[in-house]
Amino acid sequence: MLKLYISPGACALASHIALEEAGANYETQIIDLKTGQQKTPEYLAVNPAGVTPALQTDKGVITQNAAILAFVAQTHPDRKLAPIDDPHAFAAFNAFNGFLGSSLHPAIGKVLFSRPALEGDDKAQAVDAALAKYQLVEGHWLQGPWVFGDDFTLADGYLAVFTRWARQSGLLDLSRFPGLNAHLDRVQARPAVARALATEGLTAV
């Protein structure tokens, strides 16, 4: 059985959604970031980077959301969660997830999770930089009701992690980001997403 290490509401939600969408046989273990559980020897033995997610498989541990999403899609091909049969389309899927992990996540993370918290001009500049990333998704990446047009993929669940954060912090302005707001509502209405949220003690925002 697969085992997913998560932190409620953190970016690991993307991998949690993926496993639910796949109908995978898995279990979860919560790692409490607030108490520093990610720094314990027990968890560092799973993921030496001390972050979530981490997915324990029968061949070893996979880390990083983008890698886990690709793994889930490829090991559950009947669910059609990514365009794994089209090399170009699958590359685009991986590129988008790479953008989320390496660009959007650090940008909004700086705004929300810097310690000490950003203030004044520093905060304003960080917010502007993060919103520019969201604008890039709104204006370029989002191709239809889902990121890649008419078909849901696991990239949609990953994007929803960060639009949830933005909405919760009052940054996902409806007039500026109508597409992202509609997309988030659409993702959160999916039964698999609702189950993942409930398991983490979360609700739609």
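Above this text sits the structure in question.
Conventions adopted
Residues numbered from 1 in each chain as written. Predicted model: local features only at pLDDT ≥ 70, side-chain atom pairs only at ≥ 80, totals over all residues. Heavy atoms only, no water. Helix = DSSP H or I, 4+ residues; strand = E, 2+ residues; numbered from the N terminus. Rg over C-alpha atoms; globule rule 2.2 N^0.38 Å. Contact = heavy atoms within 4.5 Å. Pairing = 2+ DSSP bridges. Axes fitted to C-alpha atoms, helices over the stretch in contact; angles between N-to-C directions. Expected span 1.5 Å × (residues − 1). Core = buried A, V, L, I, M, F, W, Y, C linked by side-chain atoms within 4.5 Å. Buried < 20%, exposed > 50% of the residue type's maximum accessible area, 1.4 Å probe, protein only. Salt bridge = Lys/Arg side-chain N within 4 Å of Asp/Glu carboxyl O.

Caption draft 1: Spatial organisation of the overall build of the chain. Helix and strand counts for the chain stand at eight helices and four strands. Secondary structure elements in the chain, listed N-terminal to C-terminal, are β-α-β-α-β-β-α-α-α-α-α-α. The C-alpha atoms of the chain give a radius of gyration of 17 Å, which matches the 17 Å a tight globule of 205 residues would have. Principal axes of the C-alpha set define a box for the chain whose edges measure 50 × 40 × 30 Å. Expressed as a percentage of contacts within the chain between residues at least 6 apart in sequence, the contacts between residues at least 24 apart total 65%.

Caption draft 2: Seen up close, the sheet that holds strand 1 (residues 2-6). What the four strands build is an open sheet, ordered 2-1-3-4; its pairing is mixed. Only two strands of the sheet have a single neighbouring strand rather than two, namely strand 2 (26-30) and strand 4 (60-63). Adjacent strand axes in the sheet meet at a mean angle of 20°, parallel and antiparallel pairs treated alike. Bridge analysis of strand 3 (residues 54-57) against strand 4 gives four bridges, and the strand direction is antiparallel. Each bridged residue has a counterpart across the sheet, and for Leu55 the counterpart in strand 4 is Ile62. With respect to the sheet, helix 1 (residues 13-22) is in contact with strand 1, strand 2 and strand 3, its orientation differing from that of strand 1 by roughly 150°.

Caption draft 3: Fine view of helix 6 (residues 154-168). The terminal C-alpha atoms of helix 6, which comprises 15 residues, lie 22 Å apart, in line with the 21 Å expected from a rise of 1.5 Å per residue. Residue Gly170 follows helix 6 closely and has a positive phi angle near 75°.

Caption draft 4: Structural view of the nonpolar core. Within the largest apolar cluster, 61 residues are counted, with the highest numbers of intra-cluster contacts made by Tyr134, Leu154 and Phe162. Contributing elements (two or more residues each) for this core: strand 1, helix 1, helix 3 (65-75), helix 4 (87-113), helix 5 (120-141), helix 6, helix 7 (178-188) and helix 8 (191-199). Beyond its immediate stretch of four places on either side in the chain, Leu154 contacts Ala18, Glu21, Leu69, Val72, Ala73, Leu81 and Phe93. Judged by nonpolar contacts, the second largest core, of five residues, contains Tyr5, Tyr43, Val46 and Ala54.

Caption draft 5: Here's a closer look at the environment of His105. Inspection of the secondary structure assignment puts His105 in helix 4. Note on His105: relative accessible area 21%, which makes it partly exposed. Spatially, the C-alpha atoms of His105 and Val72 are 21 Å apart, while their sequence positions differ by 33 residues. Once residues lying within four places of it in the same chain are set aside, the contact partners of His105 are Cys11, Leu100, Phe162 and Trp165.

Caption draft 6: Molecular detail of the environment of Lys123. With respect to the element layout, Lys123 can be found in helix 5. With a relative accessible area of 40%, Lys123 lands in the partly exposed category. A sequence separation of 92 residues divides Lys123 from Ile31, and the C-alpha atoms of the two residues are 29 Å apart.

Caption draft 7: Spatial organisation of the pattern of salt bridges. For the coordinates displayed, the defined rule picks out four salt bridges. Glu20 is the salt-bridge partner of Arg195, the closest N and O atoms lying 2.7 Å from each other. Residue Arg195 is found in helix 8, and its partner Glu20 is found in helix 1; the two are separated by 175 residues along the sequence. The partner of Glu21 in a salt bridge is Arg190, with the nearest N and O atoms 2.7 Å apart. A residue pair is termed long-range when its members are at least 10 positions apart, and Glu21 in helix 1 and Arg190 in the loop between helix 7 and helix 8 qualify at 169 residues.

Just distances and angles here, no functional claims.
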